[in-house]
Amino acid sequence: TQLLEQSPQFLSIQEGENLTVYCNSSSVFSSLQWYRQEPGEGPVLLVTVVTGGEVKKLKRLTFQFGDARKDSSLHITAAQPGDTGLYLCAGRTNTGNQFYFGTGTSLTVIP
Amino acid sequence: SQTIHQWPATLVQPVGSPLSLECTVEGTSNPNLYWYRQAAGRGLQLLFYSVGIGQISSEVPQNLSASRPQDRQFILSSKKLLLSDSGFYLCACPSSEGPHYGAEAFFGQGTRLTVV
């Protein structure tokens, strides 16, 4: 069962443009994480959000957790080629031992 | 902080051959451990997770199996590989320190398996 749906699946933009990636679910999560993955490597954690409505900024990246803790967004300002990669959201529920991963968004920033 | 080691990094195996991928963890004790498979450019599919030695939960019925012979060792195996077993295999465990203890996943470098 895929609990987290990401959109868009693929995104190709020019350097300097802004973009937003969405992560949606019908389930409530106690925390939600965003990861970036380079080809041939494991995902690397970018941020964790735990409070409904929380907004976190990491340089040009802004992460928001939905008020109901069912969805999240990642906004990148003035994208750079170094932002290219696969972005994954993941969540943990209050029960169970699993991490639930999103379907992934493949971002390409063209110089 | 914990470190996850996976090997080999790449593997090419013929159909019908056996498989053994190993994952070891340093810097934490009695961690939950996870095996994921990833298709190119897509999200992660949970295959197995383990909460302790000898304890394995399977999420997807298939010809793969997992074992946890030691606290910090997690092995993914197959007796006979299929073409559909090709993919990128990742081992993971939860964070063992910090403000979000247990809420974040840390990954090994992965194994690229190609079944030919």
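See the structure printed just above.
Residues numbered from 1 in each chain as written. Chains lettered and ligands numbered in written order. Predicted model: local features only at pLDDT ≥ 70, side-chain atom pairs only at ≥ 80, totals over all residues. Heavy atoms only, no water.

Trainee: Honestly, the packing of aromatic side chains in this entry has me stumped. Any pointers?
Mentor: One pair of aromatic rings is described through two measures. These are the centre distance and the angle between the planes. In total, this model carries 10 aromatic pairs over all chains according to the counting rule given. When the centroid spacing of 6.1 Å and the interplanar angle of 50° are considered together, the rings of Tyr36 of chain B and Phe107 of chain B count as tilted. Taken as a pair, Tyr36 of chain B in strand β4 (residues 33-38) and Phe107 of chain B in strand β10 (residues 105-107) lie far apart in primary sequence, 71 residues in all. In terms of burial, Tyr36 of chain B and Phe107 of chain B fall into one category: buried. Lying across the ring of Phe99 of chain A, Arg92 of chain A places its NZ or CZ 4.3 Å from the centre. (Phe/Tyr/Trp six-rings, centres within 6.5 Å; stacked < 30°, edge-to-face > 60°. Helix = DSSP H or I, 4+ residues; strand = E, 2+ residues; numbered from the N terminus. Buried < 20%, exposed > 50% of the residue type's maximum accessible area, 1.4 Å probe, protein only. Lys NZ or Arg CZ within 6 Å of the ring centre and 35° of its normal.)

Trainee: Looking at this structure, I do not really get the sheet that holds strand β8 (residues 71-76) of chain A. What am I missing?
Mentor: Whether parallel or antiparallel, the strands of a sheet pair through hydrogen bonds between backbone atoms. Residue and element names in this part refer to chain A. The strand order across the open sheet formed by five strands is β1-β3-β8-β7-β6, and the pairing between neighbours is antiparallel. The open sheet terminates on both sides in strands that have one partner only, identified here as β1 (5-7) and β6 (55-58). The sheet shows a mean angle of 15° between the axes of neighbouring strands, direction not considered. As paired strands, β1 and strand β3 (residues 19-24) are joined by three bridges and run antiparallel to one another. (Pairing = 2+ DSSP bridges. Axes fitted to C-alpha atoms, helices over the stretch in contact; angles between N-to-C directions.)

Trainee: Got a minute to help me understand the environment of Leu86 of chain A in this structure?
Mentor: Tracing the backbone through its elements, the reader meets Leu86 of chain A in strand β9 (residues 85-92). Of the residues examined, Leu86 of chain A reaches a relative accessible area of 8% and is grouped as buried. Sequence separation of Leu86 of chain A and Ser31 of chain A is 55 residues, and the distance between their C-alpha atoms is 20 Å. Setting aside residues no more than four positions away along its own chain, Leu86 of chain A makes contact with Tyr35, Arg36, Gln37, Gly104, Thr105 and Ser106 of chain A together with Gln38, Gly41 and Arg42 of chain B. (Contact = heavy atoms within 4.5 Å.)

Trainee: So what exactly am I meant to see when it comes to the sheet that holds strand β3 (residues 19-26) of chain B here?
Mentor: Residue and element names in this part refer to chain B. Read across the open sheet, the four strands follow the order β1-β3-β8-β7; overall the sheet is antiparallel. Because the sheet does not close on itself, it has two edges, and the strands there are β1 (3-7) and β7 (64-70). Within this sheet the neighbouring strands show an average axis-to-axis angle of 20°, counted without direction. Across six bridges, β3 lies against strand β8 (residues 73-78) in antiparallel orientation. Bridging from a neighbouring strand, Leu21 pairs with Leu76 of β8.

Trainee: Is there a simple way to think about the interface of chain A and chain B in this case?
Mentor: A common way to express how large an interface is: the accessible area buried when the components associate. Taken together, the contacts link 23 residues of chain A with 23 residues of chain B. Of the roughly 1,900 Å² buried at the junction of chain A and chain B (both faces included), carbon and sulfur atoms supply 54%. Run the count over chain A and chain B and you get zero salt bridges. Connecting chain A to chain B are seven residue pairs in polar contact (both at pLDDT 80 or more). Listing elements by their share of the side of chain A that touches chain B, those giving two or more residues are β4 (31-37), β5 (44-49) and β9 of chain A. The element contributing the most residues to the side of chain A that touches chain B is β4 of chain A, with four residues. (Buried area = accessible area lost by both parts, 1.4 Å probe. Salt bridge = Lys/Arg side-chain N within 4 Å of Asp/Glu carboxyl O. Polar contact = N/O pair within 3.5 Å; in protein donor to acceptor, adjacent residues only side chain to side chain.)

Trainee: What's the story with the state of the cysteines in this structure? I'm lost.
Mentor: Put plainly, a disulfide is one covalent bond tying together the sulfur atoms of two cysteines. All names here are of chain B. In this structure the tally under the stated criterion is two disulfides over all chains. Two residues, Cys23 and Cys91, share a disulfide whose sulfurs are 1.9 Å apart. Here the disulfide of Cys23 and Cys91 is left-handed, its torsion about the S-S bond being about -65°. Highlighted residues: Cys23 in strand β3 and Cys91 in strand β9 (residues 87-94), separated in sequence by 68 residues. Exposure remark for Cys91: the relative accessible area of 0% places this residue in the buried category. (Disulfide = S-S within 2.5 Å.)

Trainee: Mind showing me how you'd approach the pairing of β9 of chain A here?
Mentor: Consecutive residues of a regular strand have side chains that alternate between opposite faces of the sheet. Residues and elements named next belong to chain A. Counting buried residues along β9, eight of its eight residues qualify, which places the element largely inside the surrounding structure. In this structure, β4 lies alongside β9, joined through seven bridges in antiparallel fashion. Counted as the bridge partner of Arg36 is Tyr87 from β9. Bridge count between β9 and strand β11 (residues 105-110): three bridges; the pairing is antiparallel.

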